[in-house]
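# Descriptive analysis of the structure
Chain by chain, the residues run as shown.
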Amino acid sequence: MDNIWKSIRFKYIFACILITFIMSCIISISPISIDECKCETNTQSSQHLKQITNEINGHKKRAEHRLAILVPFRDRFEELLIFVPHMQKFLDKQNIDYHIFVLNQVDRYRFNRASLINVGFLETEKAFDYIAMHDVDLLPINDQLSYAYPSAGPHHISSPDLHPRYHYFTFIGGILLIKREHFIQVNGMSNKYWGWGLEDDEFYVRLKEAGLSVSRPQNISTGTHNTFRHIHDRNHRKRDMMKCYNQREVTRKRDRQTGLNNVSYKILDTIKMTISDTSLTVINISLLCDKSSTPWCECEKLVGSKEGRSKEKKKTNNNNSKLATGL
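Here's what I pulled together on the structure shown here. (Residues numbered from 1 in each chain as written. Predicted model: local features only at pLDDT ≥ 70, side-chain atom pairs only at ≥ 80, totals over all residues. Heavy atoms only, no water.)

### What to know about the layout of surface pockets
- Reported here for the largest pocket is a volume of approximately 890 Å³.
- Looking at the largest pocket, it is lined by 35 residues, and the ones nearest its centre are R76, F111, W196, H232 and R239.
- Secondary-structure elements contributing two or more residues to the lining of the largest pocket are β1 (66–73) and α6 (199–209).
- Considering each element in turn, the lining of the largest pocket owes the most residues, three residues, to α6.
- The residue inventory of the lining of the largest pocket, partitioned by class, reads eleven nonpolar, nine polar and 15 charged. (1 Å grid on protein atoms, 1.4 Å probe; cavity = no way out; pocket = protein on both sides within 12 Å on 5 of 7 lines; lining within 4 Å. Points joined across faces, edges and corners; volume = space filled by probe spheres on them. Helix = DSSP H or I, 4+ residues; strand = E, 2+ residues; numbered from the N terminus. Nonpolar A, V, L, I, M, F, W, Y, C, P; charged D, E, K, R; others polar.)

The structure is reproduced here in structure tokens:
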């Protein structure tokens with residue numbers, strides 16, 4: 001019995017030694033490369049991370065400078081649906097690294113375009129080095145119009161020679177590019193302009209006093225009728241032309257009390273959304289009004305009254321430029 005057990009044990013040990021020897025030979029001659037497999041996995045992970053980053057940003061970062069498109073907004077959803085996909089197609093041709101911010105005023109006061117731009121700047125200045133103050137109803141349709149970084153000074157894209165409606169020399173409304181340093185230098189825009197008009201004219205004076213020259217597109221092949229598409233429906237949305245209290249007197253003067261450093265507001269929420277595959281951010285803003293300073297943030301008169309429509313008809317380009325030329 002002992003001899004049988006010794007024989008079985010010897011055979012078992014011999015079999016284990018043989019198997020171990022065979023496996024060692026196979027491993028030594030096998031072309032397996034662990035590093036090669038790991039390298040392939042890392043490449044796939046890197047590509048996946050890039051894809052996620054591109055989806056978050058909405059598009060690939062291709063430029064040295066980042067543009068925040070600030071769109072003052074209230075009850076213009078139909079125009080926004082046209083604006084966003086149009087701007088995506090237009091700006092992607094120029095390889096602009098941009099993001100659209102819809103500055104949605106949600107308080108009960110009259111619309112204040114300048115204050116919304118101030119708020120938009122404060123909320124985006126850390127991540128973007130220049131802004132476009134951009135009306136939602138003005139669409140560029142000539143590819144010669146550049147949204148590039150305005151290193152030399154503010155660049156007025158919708159110049160008086162090209163804008164479909166406003167043609168006085170000191171007009172800088174519609175679409176204006178300005179870098180972060182210059183906007184801070186002039187303390188942003190005045191916060192006193194509740195209702196429609198004149199905030200751009202006051203801003204022109206700020207730029208002029210700071211010694212900043214405004215450039216405009218040169219050698220453009222189109223004119224006032226075919227450089228931009230203006231999608232504002234005056235019959236559907238009447239402009240808030242009302243003037244109450246001493247608003248007319250105050251807003252014809254250079255504002256040296258308010259600006260970027262004291263705009264009063266609350267951010268209610270920030271919403272990420274997508275329109276036609278274009279990522280944008282909606283900032284719901286509640287502006288605060290100091291009625292001891294600007295009681296006209298609420299006017300008792302009805303917007304769109306006969307008086308308001310009559311004043312709008314009488315308003316001319318010369319009247320628009322009085323602030324800029326008379327100070």
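### What about the nonpolar core?
- L70, I131, M133, F183 and F203 are the most contacted members of the largest nonpolar core, which has 35 residues in total.
- At the level of secondary structure, the elements contributing two or more residues to this core comprise β1, β2 (97–105), α4 (113–124), β3 (130–134), β6 (175–179), α6 and β9 (278–287).
- Examining the composition of this core, we find that five residues originate from one element, α4, more than from any other.
- With residues up to four places along the chain from it excluded, the contact list for L70 reads F101, L103, I117, G120, F121, T124, I131, A132, M133 and H134.
- Core analysis: the next-biggest nonpolar cluster, separate from the first, contains 31 residues, L67, V84, Y98 and L162 among them. (Core = buried A, V, L, I, M, F, W, Y, C linked by side-chain atoms within 4.5 Å. Buried < 20%, exposed > 50% of the residue type's maximum accessible area, 1.4 Å probe, protein only. Contact = heavy atoms within 4.5 Å.)

### Examining the packing of aromatic side chains
- For the coordinates displayed, the defined rule picks out nine aromatic pairs.
- Aromatic side chains F90 and Y147 sit 5.8 Å apart centroid to centroid with 70° between the ring planes, which places their arrangement in the edge-to-face category. With F90 in helix α3 (residues 77–92) and Y147 in the loop between β4 (138–140) and β5 (155–156), this pair connects stretches of sequence that are 57 residues apart. For the pair formed by F90 and Y147, the shared burial category is buried.
- Centre to centre, the rings of Y109 and W194 are 5.7 Å apart; their planes meet at 65°, and the pair counts as edge-to-face. One end of the pair, Y109, is in the loop between β2 and α4; the other, W194, is in the loop between α5 (180–185) and α6, and 85 residues separate them in sequence.
- Owing to a relative accessible area of 9%, Y109 belongs among the buried residues under this scheme.
- Here the guanidinium or amino end of R66 rests over the ring plane of F128, the centre of that ring lying 4.4 Å away.
- Here the guanidinium or amino end of R216 rests over the ring plane of F169, the centre of that ring lying 5.3 Å away. (Phe/Tyr/Trp six-rings, centres within 6.5 Å; stacked < 30°, edge-to-face > 60°. Lys NZ or Arg CZ within 6 Å of the ring centre and 35° of its normal.)

### Section: the state of the cysteines
- One pass over the structure, following the stated rule, counts two disulfides.
- One disulfide bridge connects C244 with C299, the sulfur atoms lying 2.0 Å from each other. What sets the handedness of the C244 and C299 disulfide is the S-S torsion sign, and at about -80° it is left-handed. Here C244 is found in the loop between β7 (228–230) and α7 (247–250), whereas its partner C299 is found in the loop between β9 and α8 (306–314), with 55 residues between them in sequence.
- A relative accessible area of 10% means that C244 is categorised as buried.
- On the accessibility criterion, C299 (18% relative accessible area) is buried.
- Here C289 is linked by a disulfide to C297, with a sulfur-sulfur distance of 2.1 Å. (Disulfide = S-S within 2.5 Å.)

### Re α6
- The buried fraction of α6 amounts to nine of the eleven residues, a majority that puts the element mostly inside the structure.
- Here α6 has its buried residues at E199, D200, D201, E202, F203, Y204, V205, R206 and L207.
- Backbone geometry just downstream of α6 places G211 in the positive-phi region, at approximately 75°.

### A few points about unusual backbone geometry
- Here N187, not a glycine, exhibits a phi torsion of approximately 60°, which is positive.
- Along the chain, N187 turns up in the loop between α5 and α6.

### Considering the pattern of salt bridges
- If you walk through the whole model with that rule in mind, you get 18 salt bridges.
- The partner of E209 in a salt bridge is R256, and the shortest N-O contact between them spans 2.8 Å. Placement of the pair is E209 in helix α6 and R256 in the loop between α7 and β8 (265–275), with a sequence separation of 47 residues.
- Classification of E209 by relative accessible area gives partly exposed; the value is 44%.
- Since its relative accessible area comes to 57%, R256 is described here as exposed.
- We note a salt bridge from E298 to K291, for which the minimum N-O separation is 2.4 Å.
- Classification of K291 by relative accessible area gives partly exposed; the value is 40%. (Salt bridge = Lys/Arg side-chain N within 4 Å of Asp/Glu carboxyl O.)

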